[in-house]
Structures are given as C-alpha cells and as structure tokens.
Amino acid sequence: MLTSSLQVARRALLHYFRTPQLVVLGTLQGALFLLIFRYVFGGDLQGHGTSYVDFLVPGFVTTSVLFSGQGAATGVADDLQQGFVDRLRSLPVGRASFLVGRAIADSIWNMWGLVVCAAVGFAVGFRPQGAVFDDLAALGLCIAYGFAFEWMFVLIGLLSGTPQAAQGMAFLVFPLTFVSSAYVPVSTMPGWMQAFAQRQPVTYMVDSVRALTLGARAPALLGHAPAYFTGWSLAWAAGTVALCAPLASWWYNRS
Amino acid sequence: MTAVIEAHAVTKRFGKTLALDGLELRAESGQVVALLGPNGAGKTTFVRAVATLLRLDSGDLRVAGHDARRQPAAVRRAIGLAGQFAAIEPMMTGRENLELVARLFGLSRARARAAASEVLDRLQLSEVADKLARTYSGGVRRRLDLGASLVGAPRLLLLDEPTTGLDPRSRSEVWDAVRSLVARGTDVLLTTQYMDEADHLAGHIVIIDHGQSVASGTPAELKRRVGGRVLEVQARYAEDLAVVAGALERLDQGHAPVHVDQATRKVSVRSASGADWLGAAWSALETVGASVDDISLRQPSLDEVFLSLTGGK
C-alpha cells in the first residue's frame, strides 16, 4: 500500500518536473504575475498601513497553491482518460493507492511552487516583520491550504472526465483568488462583492499568512489577532477535505 | 483442456443499454481467443468485467479459476491488461514505465528492474528503452503498453483493441509481439473489430453482437460457415455497373446475391467455390466489354461474415 502510493506519487512528480511547460512556464508566469502587480498596478495601490509589497506577497504566495493545484485536476482526468487508472485497478494494489499517491505528489508540487513564489517575493523586496518561527508557521499553513484545495481539484478531475473539461472547471480559481483580500484590500470593493470576499476561505487564508508575516502590527492593520484568521482558515481547510476527500474516494471506488 | 475464462449468462446494463445480454463464453488455455464484433457489441465491457474493472449485474464469470466477483484480488494477480489507450506516462522512459508497473505488481526494486529488462528485450524495445515515452511512435507506445501488462508475468493477457488507430506497419509490429507471447505460453484474450486481425492471431474466435455470442470457432470453421471468398470488381465507369453485375451473376448461376455499391463503383459476389474464379471472372468481363479498374479475390469482411451469421438482421 505504501509502496504503491509512493510509486504513483513518483510517477506524477516525474510528470510535473519533466514537463518544461509546467516547470519553466509555470514559474515564469508566477514571477511575471507578481512583477505586474508589484510594479505596474502597485504604484497606485496602497498596502493600507504597510508597504504594498509586504501586503501583496503573502496574498500572492497563498493563492499560488490554487494555481499550482489545478495541475491535480488535469492530471487526474488524464490518468482516467489515458487508462492509467484502469491499469492500476487491474493490478493487485490497494484501491486507495491512486488518491494517496496523488495527494503526496501534489503536495510536493505545491511546496515547490510555494518556495519559488516566496523566493520571487523576497527578490522584489518583501520582508516579513515577524519572528522566523512565524514565517515557518505561515509556510506550513500554505501547505495545509494547498492540501485541502488539492482534494477539491482531484474531485474536479474525477468528475470532469477529460483534461480539457477539468481545465475548464478549474476556472473557478479566478473568482476565488481575485475576489479575495489577496491582491487588494476587500474594503476597496463594492458592497455586494465585499459580502462574498470577506467570508470566502481564500480571504481568511491570505489574512492568516499576512498576520503572521506582518509581525506586531498585524492586529492593528487587519482588525483581528492572527489566531482568528488561522482558526477560520483551518476550519475551512478541514471542511474542504472532509467534504471532497470522501466524495473523491467514493467516486473513484464505485464501478 | 482447461478454461482460462468461463462466462455463463453474464449480464451488464448501463442505464437503458444492455451491454452484455446473457453472454456465454469459454476460452481454453493455450491459445489466443479473439472477441470479434462491431463497436458497441459489448467487447470492451466484457474485457473490463474480466479485468475486475466493473461488476456484472448477473451471471457467473470465472477467470483463471477464480470467481471475478468474489475473488477480484486473485484475478488481478493472474491477469495483465492493455487497453485501447496506451496507459504509459509520456514523461517517463520506457524502462521507468515498466519498472513502475512491476513495482505496483509487488516486485522488489531489483526484481522489477530485471523483469523490465527482460520484457524490453523480448519486445525488442531495448534500443529505445531509455528515451522518454513521449518520443515514441504509436506502434512503439502500444508495444510498450503491451510490455507493461507483461512485467507481472500474468497467466492471462487482456488486449482491448490493441491495434485500433495504428498504421499498418505498427499494426504488424504489435501482431508480431502478440505472436511471440503466445509462443511462450501466455493465454491471450483479444478484442478487435478487424476480421484479418482475428484471423492472423487467434486460434479461436467468438463473434459477439448486442452483448451476445453469435458464433464461435476456429477462423477456418467460421469462414467455412460463411462460405468461400468474395470476388470484388471495381468498374471504371458507373454506366458499366449493371453490365458487370450481370456478368458476375451469370458466372455463379445466380446462386449468391451480387452486391453493387454505386459510390465506390464496386460489385462484389461471394462464392463457396472459388478455385479458378478470378480467371473465369476476368474472361466474362472481357466478353461483355466492361472497363475494370481493379479486380480481387478476398476473404469475407467482418461485415459479410456478420451479415451471414446473423442472417442479415
């Protein structure tokens, strides 16, 4: 069971890291995205009490798990369509191996994306104000959020059937990431949009990371202590896993 | 003889479609058994049931002596599956793909490596083994996929339309690979839409349609039941079609129906005799003065075998 999950994970990781479009373009795209926000829009955007770069980078790093997580949806759909899932099911391996293996691989892929994004963030002038321990905790939270969204993407991949459909359905990351506090403060949005932006999980997650990296100023700037955002975020993450993981394994196991 | 697959009254329904409708099938060990039928006949559904990928609604299915429903794990240890798609990871080399499947089959790292090398040798893939599978041609990909189903040294190999979508050269490469497997004693269940594929590879053919077994036997037996060969003439001009049809009808004294296809300007007739048929037809056509682009004597096509065995229904 462990061996087979690791084999599935290794295969998915080799696929990610040997596809130049995913590694090079994915990284470049992320970097470009950050540069545009930092230098093109950033001139006119304020951090509301802090520099825009210190406001933006936590949002950018946190939402990166949603962008790199999309790979899980297309990957799962591809494995279904191209017969890898059939082959796996016809082999004497535990049924859970596929989903567990994917979860391992996609978590590692997410971490790679997080590290790259954080490095680009530092390069454009981001400087966390909190203790090193807080920064590590922030990174840990991002990994946990990535893990939660991964199950959503795996479920999308299973339900959509074809990689193209999976990619189309993964489009929902755009409202989730942009209509949140990731790139601009929610208070600048129209009232009806704030109603969604304030309550949706990505905002809590971004603010939890922001609270940890802003240091002592965080409660004053964000209105709540870090524990408030972290609590809500982890609750959302746990809820996502609790909903999507059983659905995904039910869908995978039925035949 | 022992049976490697025994299916008795197996039924599977998908919504309103009855994919398997009381199918009866017995595949003896020691040969290639071909499941022949048109698209939607139930071939893939049956293979998936044998591979324990789907659960039958009713009926008995025994694979390599195990009940497919109650002992799926034992069945999985006995089979290898190669599907319509080549289930290989394009970003891994051929060798890595095979080692992956071997590891999943439960072999240790060292044994997986040895098994992969052996299969690569056997399928003559050693030369390309260390290139990414992405760079392989369609035929090589299918052969590698075949190899992946072999690394676990299965007793029964399931090949679901192994050559669909391949060019003729790749097709014959896959055929050679299958033949070499049989020579080593692996039992094979193969599905195909092509009569010639079944003819080349199989010792026993089961024709299925609408989820039922319509006929079965050796290729020779089936062809005898259908009768002889098909003489096909392509006329140069559409106006000549009636004359050509008349000439061919007289040739056979009107025993077999003459089929005329306006679109391709082809006239065909089936006959049980056939020894000196081509010569006789040629002179008959010369006598009536029809211009002919092509004339050939061929095996009945799947359509023709099919129409004849199902009484054209």
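Residues numbered from 1 in each chain as written. Chains lettered and ligands numbered in written order. Predicted model: local features only at pLDDT ≥ 70, side-chain atom pairs only at ≥ 80, totals over all residues.

### Section: the overall build of chain B
And step 1. Along the backbone of chain B there are 11 helices and 14 strands.
And step 2. Projecting the C-alpha coordinates of chain B onto the three principal axes gives extents of approximately 75 × 45 × 35 Å.
And step 3. Considering only intrachain contacts with a sequence separation of at least 6, the fraction spanning at least 24 residues in chain B is 68%. (Helix = DSSP H or I, 4+ residues; strand = E, 2+ residues; numbered from the N terminus. Contact = placed C-beta atoms within 7 Å.)

### Side note on the overall build of chain A
And step 1. Within chain A one finds 12 helices and 0 strands.
And step 2. When the helices and strands of chain A are read in sequence order from the N terminus, they spell out α-α-α-α-α-α-α-α-α-α-α-α.
And step 3. On C-alpha atoms alone, chain A measures out to a radius of gyration of 19 Å, which is about the 18 Å that the 2.2 N^0.38 rule sets for 255 residues.
And step 4. With the C-alpha coordinates aligned to their principal axes, the bounding extent of chain A is approximately 60 × 35 × 35 Å.
And step 5. In chain A, buried positions account for 46% of the 255 residues.
And step 6. Contacts spanning at least 24 positions in sequence make up 81% of the contacts within chain A whose residues lie at least 6 apart. (Rg over C-alpha atoms; globule rule 2.2 N^0.38 Å. Buried ≥ 20, exposed ≤ 12 C-beta atoms within 10 Å, placed from the backbone.)

### A look at the nonpolar core
And step 1. By size, the foremost hydrophobic cluster in this structure holds 148 residues, and its most contacted members are B:Ala34, B:Val50, B:Val151, B:Leu158 and B:Leu189.
And step 2. Residues contacting B:Leu189, with those up to four places away along its chain left out, are B:Ile5, B:Ala27, B:Val33, B:Leu35, B:Val47, B:Val50, B:Leu156 and B:Leu158. (Core = buried A, V, L, I, M, F, W, Y, C linked by C-beta atoms within 7 Å.)

### Focus on the interface of chain B and chain A
And step 1. Between chain B and chain A, the residue contacts involve 22 residues of the former and 20 residues of the latter.
And step 2. Broken down by secondary-structure element, the contributors of at least two residues to the side of chain B that touches chain A are α2 (72–78), β6 (79–82) and α3 (94–104) of chain B.
And step 3. By residue class, the composition of the side of chain B that touches chain A is 14 nonpolar, 3 polar and 5 charged. (Nonpolar A, V, L, I, M, F, W, Y, C, P; charged D, E, K, R; others polar.)

### Quick look at the sheet that holds strand β3 (residues 32–36) of chain B
All names here are of chain B.
And step 1. The strand order across the open sheet formed by 6 strands is β6-β7-β8-β3-β9-β10, and the pairing between neighbours is mixed. Only two strands of the sheet have a single partner each, and these edge strands are β6 and β10 (212–217). Neighbour-to-neighbour, the strand axes of the sheet open up by a mean angle of 20°, direction not taken into account.
And step 2. Contacting β3, β7 (156–160) and β8 (187–192), helix α6 (residues 168–183) crosses the sheet at an angle of about 150° to β8.
And step 3. Each of β9 (204–209) and β10 is contacted by helix α8 (residues 219–226), which is oriented at about 105° to β10, the strand it contacts most. (Pairing = 2+ DSSP bridges. Axes fitted to C-alpha atoms, helices over the stretch in contact; angles between N-to-C directions.)

### Re the packing of α3(B) against helix α4 (residues 109–122) of chain B
Residue and element names in this part refer to chain B.
And step 1. Here α3 crosses α4 at 130°, and the two axes come no closer than 8 Å. By the angle between their axes, α3 is oblique relative to α4. Handedness of the crossing formed by α3 with α4: right-handed. The segment α3 lies against α4, with Gly94, Arg95, Leu98, Glu99, Ala102 and Arg103 engaging Ala112, Arg113, Ala115, Ala116, Val119 and Leu120. (Parallel < 35°, antiparallel > 145°, perpendicular 65-115°, else oblique. Left-handed = near helix turned anticlockwise from the far one by under 90°.)

### Quick look at helix α6 (residues 132–160) of chain A
And step 1. Between its first and last C-alpha, α6(A) extends 42 Å over 29 residues, near the 42 Å set by a 1.5 Å rise per residue.
And step 2. Downstream of α6(A) by a residue or two, A:Gly161 has a phi angle that is positive, lying close to 85°. (Expected span 1.5 Å × (residues − 1).)

### Regarding the sheet that holds strand β14 (residues 292–298) of chain B
All names here are of chain B.
And step 1. Here we have 4 strands laid out as an open sheet, ordered β12-β13-β11-β14, and antiparallel in their pairing. The sheet is open, and its two edges are formed by β12 (258–261) and β14, each paired on a single side. Neighbour-to-neighbour, the strand axes of the sheet open up by a mean angle of 15°, direction not taken into account.
And step 2. Packed onto the sheet, helix α10 (residues 277–288) meets β11 (229–235), β13 (266–271) and β14 and runs at close to 155° relative to β14.

### Some words on the packing of helix α3 (residues 52–81) of chain A against α6(A)
All names here are of chain A.
And step 1. In the contact formed by α3 and α6, the axes pass within 7 Å of each other and the chain directions differ by 30°. When the axis of α3 is compared with that of α6, the two are roughly parallel. By crossing handedness, the relation of α3 to α6 is classed as right-handed. On α6, the residues touching Val61, Thr62, Val65, Leu66, Gly69, Gln70, Ala72, Ala73, Thr74, Gly75, Val76 and Ala77 of α3 are Cys142, Tyr145, Gly146, Phe149, Glu150, Phe153, Val154, Ile156, Gly157, Leu158 and Ser160.
And step 2. Here the residues of the contact of α3 with α6 are counted per class, giving 14 nonpolar, 8 polar and 1 charged.

### Quick notes on the pairing of β10(B)
Residue and element names in this part refer to chain B.
And step 1. Pairing geometry for β9 and β10, over 5 bridges, is antiparallel. Opposite Val206, over in β10, you have Ser216 as the bridge partner.
And step 2. Hairpin connection from β9 to β10: 2 residues lie between these consecutive antiparallel strands, with His210 at a positive phi of about 50°.

### So, unusual backbone geometry
All names here are of chain B.
And step 1. The backbone of Glu161 shows a phi angle near 45°, a positive value even though the residue is not glycine.
And step 2. Here Glu161 is to be found in the loop between β7 and α6.
And step 3. Residue class for Glu161 comes out buried when judged on the 22 C-beta atoms lying within 10 Å of it.
And step 4. Phi is positive for Arg265, close to 55°, though the residue is something other than glycine.
And step 5. Turning to its location among the elements, Arg265 is positioned in the loop between β12 and β13.
And step 6. The class of Arg265 is partly exposed, set by 19 C-beta atoms lying within 10 Å.

### Here's the deal with the environment of B:Asp145
Residue and element names in this part refer to chain B.
And step 1. Looking at the element boundaries, Asp145 is found in helix α5 (residues 138–148).
And step 2. Residue Asp145 is classed as buried on the basis of its C-beta count, with 26 C-beta atoms lying within 10 Å.
And step 3. On a C-alpha basis, the gap between Asp145 and Leu98 in space is 8.5 Å, while along the polypeptide they are 47 residues apart.

### Notes on the confidence of the model for chain B
Predicted coordinates in areas of low pLDDT are best not read in detail.
Residues and elements named next belong to chain B.
And step 1. Taken residue by residue, chain B gives an average pLDDT of 86. The fraction at 70 or more is 95%.
And step 2. Mean pLDDT values over the elements of chain B span from 71, in helix α11 (residues 302–309), up to 95, in strand β4 (residues 58–63).
And step 3. Scoring the predicted complex yields pTM 0.82 and, for the interface, ipTM 0.85. (pLDDT = per-residue confidence, 0-100.)

### Here's the deal with the confidence of the model for chain A
And step 1. Averaged over every residue, the pLDDT of chain A is 90; the share at 70 or more is 98%.
And step 2. Ranking the elements of chain A by mean pLDDT puts helix α11 (residues 218–222) of chain A last, at 83, and helix α12 (residues 226–253) of chain A first, at 95.

### Some words on the environment of B:Val288
All names here are of chain B.
And step 1. Along the chain, Val288 turns up in helix α10.
And step 2. With 13 C-beta atoms packed within 10 Å, Val288 lands in the partly exposed category.
And step 3. Along the primary structure Val288 and Ala34 are separated by 254 residues, whereas in three dimensions their C-alpha atoms are 43 Å apart.
And step 4. When near neighbours in sequence (up to four residues on either side) are disregarded, Val288 contacts Val243 and Ala247.

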